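Chain and residue survey
Given next are the chains, with one letter for each unit.
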Amino acid sequence: MPDKVLVLNCGSSSIKYQLYLMPEGAVLAKGLVEKIGEACAAYKHTDDGGEQAGKQPIADHREGLAVAVKCLTGSKKPAIKAMNEIKAVGHRVVHGGEKFTGSVLVTPEVEKTIEEYYDLAPLHNPPNMTGIRAAQQMLPGVPQIACFDTSFHTTLPEVAYVYALPYEIYEKYRVRRYGFHGTSHRYVARRAAELLGKHKYDFNAVTCHLGNGCSMAAVAAGRSVDTTMGLTPLEGLVMGTRSGDIDPAIIFYLAGKPEYKSVKDIDTMMNKKSGLLGVSGVSNDMRAVRQAAAEGNKRAGLALDIFCYRIRKYIGAYAAVLPRLDAVIFTGGIGENAAPVRAKIIEGLGANLGITLDAAKNDAAVFGKEGDVAAADSRVHVMVVPTNEEKAIAVDTYALSRNKSVSQRM
Ligand code: ADP
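The structure contained in this document is the topic of the report that follows. Keep in mind the model is a prediction, meaning the values are calculated, not measured.

This paragraph deals with the pattern of salt bridges. Within the structure shown, the criterion is met by 15 salt bridges. A salt bridge links Glu98 to Arg174; the nearest nitrogen and oxygen atoms lie 2.9 Å apart. Separated by 76 residues along the polypeptide, Glu98 in the loop between strand E6 (86-93) and strand E7 (104-105) and Arg174 in the loop between helix H5 (167-173) and helix H6 (182-196) bring together distant segments of the chain. Here Glu370 and Arg191 are joined by a salt bridge, their closest N and O atoms 2.6 Å apart. Residue Glu370 is located in the loop between helix H15 (359-364) and strand E13 (371-372), and its partner Arg191 is located in helix H6; the two are separated by 179 residues in the primary sequence. Arg191 gets classed as partly exposed once you look at its relative accessible area, which sits at 23%.

Laid out in structure tokens, this is it:
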């Protein structure tokens, strides 16, 4: 029987939501409530009845969710007439630590564990939990499902997730590589296998999620076996404002210098002032960086070069750890839209790895188009697959709300 499933992504001051008709996977409505807690909070809602938008004080997530439900039921062509039509709610939760190897039905025990991971994701897990509580109050008795950014990567082997620090640090503090963007890596790997007509367990790929945050994963036979983000999303690729990999000794070297009196200052510098923004001095936005580079800004050009070089390096590294490389998959705002960036990443991978692009196909695969952009004689497919984390959450939510199990594999 078709069911309506609400998907929520709650940040510290925002709620993004989408209402899905399942199992079709059709989006019936979507919206955003932002600046929660501020006097000038705003909401925007779209469905078949058109757009509703406005500004009003919204004190907390519970009020924000009430605004969303009012839009859902109060539209000219409402996707739901009453709240009891929502059969399940799926929540994006950033950190599921080692315990959550897949999406789960929220129980008091699950809530407790999500809270235990506040320490690991202080900016994300608390608002994610606030969203779960708000939805529980608003829709009592409706199954709430938690889908974790980390769970797809819980299949990483020890050799990929243990840092070469004293082992007791892992045992005592669970300091290890967790990885993030798992819902996206899983979704695009599966979709690429489908598009190529490959069985998902006979498919090995490198997935590149390139948005504001950027990460890559090595996916072997449906399982994530390595990924670039670590204990936190700071490790790995160059991102909009994050440095990605650096020599950790840089932190000790900078500590105490006039601009970096505390560890917090260095944390802010590496998370908020580095990456494309830090190197270019122009912007964290790839469009602005490319524009500046095209106009001759040397630092913008360098930022772009470092961004692409780091990804190319990881493609090589992951080709070495996979049993075979069938496809490189691009997704995220940059991966889906910036054809010249894809071309720059793949440039030079022909001779070594047999990965070459078809320039015309690559140029055409933008703005939501999906497909294989590899040259006819490329040994490896190069796929562009728009990500859809909300849909992946809706699929898991629908399955779990009907007591069906979900796999942690793609
Ligand atoms: P988030 O990680 O916040 O979900 P997105 O996946 O939307 O972000 O990606 C945002 C990034 O995508 C920005 O750097 C933006 O400049 C880039 N982007 C979006 N469209 C284009 C485009 N046409 N060309 C180049 N970069 C683009």
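Residues in contact with the ligand, as listed here, are Gly211, Asn212, Gly213, Asp285, Met286, Arg287, Gly332, Gly333, Ile334, Asn337, Ala338 and Phe367. A distance of 3.1 Å is found between an oxygen atom of the ligand and a backbone nitrogen or oxygen belonging to Met286. Here an oxygen atom of the ligand and a backbone polar atom of Gly333 are 2.8 Å apart. Mapped onto the shell around the ligand, the elements with two or more residues apiece are helix H10 (286-294) and helix H12 (332-337). The biggest single contributor to the shell around the ligand is H12, with four residues. A per-class count over the shell around the ligand returns four nonpolar, six polar and two charged.

A separate point is the packing of aromatic side chains. Taken as a whole and assessed by the stated rule, the structure comprises four aromatic pairs. Ring geometry for Phe100 and Phe148: centres 4.3 Å apart, planes at 5°, overall stacked. Of this pair, Phe100 sits in the loop between E6 and E7 while Phe148 sits in strand E8 (residues 144-148); the two residues are 48 residues apart in sequence, bridging distant segments of the chain. For Phe100, a relative accessible area of 7% corresponds to the buried category.

Time to look at empty space enclosed by the protein. Applying the stated rule across the entire model yields two cavities of 30 Å³ or more. Of the pockets and cavities examined, the second largest cavity occupies roughly 40 Å³. Taken together, Val162, Tyr163, Leu165, Pro166, Ile169, Tyr170 and Val175 make up the full set of residues lining the second largest cavity. A breakdown of the residues in the lining of the second largest cavity according to their chemical character gives seven nonpolar, no polar and no charged.

Relative to the elements of secondary structure, Glu235 occurs in the loop between strand E11 (223-227) and helix H7 (249-254). A polar atom in the side chain of Glu235 sits 2.5 Å from the side chain of Tyr163. At a separation of 2.5 Å, a polar atom in the side chain of Glu235 contacts the side chain of Arg177.

For the rest of this paragraph, the subject is the side chain of His45. Here His45 is to be found in strand E4 (residues 42-47). Excluding residues that lie within four positions of it along the chain, His45 makes contacts with Tyr17, Ala29, Lys30, Gly31, Gly50, Glu51, Gln52, Ala68, Cys71 and Leu72.

About the criteria used
- Residues numbered from 1 in each chain as written.
- Predicted model: local features only at pLDDT ≥ 70, side-chain atom pairs only at ≥ 80, totals over all residues.
- Heavy atoms only, no water.
- Salt bridge = Lys/Arg side-chain N within 4 Å of Asp/Glu carboxyl O.
- Helix = DSSP H or I, 4+ residues; strand = E, 2+ residues; numbered from the N terminus.
- Buried < 20%, exposed > 50% of the residue type's maximum accessible area, 1.4 Å probe, protein only.
- Near = heavy atom within 4 Å.
- Polar contact = N/O pair within 3.5 Å; in protein donor to acceptor, adjacent residues only side chain to side chain.
- Nonpolar A, V, L, I, M, F, W, Y, C, P; charged D, E, K, R; others polar.
- Phe/Tyr/Trp six-rings, centres within 6.5 Å; stacked < 30°, edge-to-face > 60°.
- 1 Å grid on protein atoms, 1.4 Å probe; cavity = no way out; pocket = protein on both sides within 12 Å on 5 of 7 lines; lining within 4 Å.
- Points joined across faces, edges and corners; volume = space filled by probe spheres on them.
- Contact = heavy atoms within 4.5 Å.

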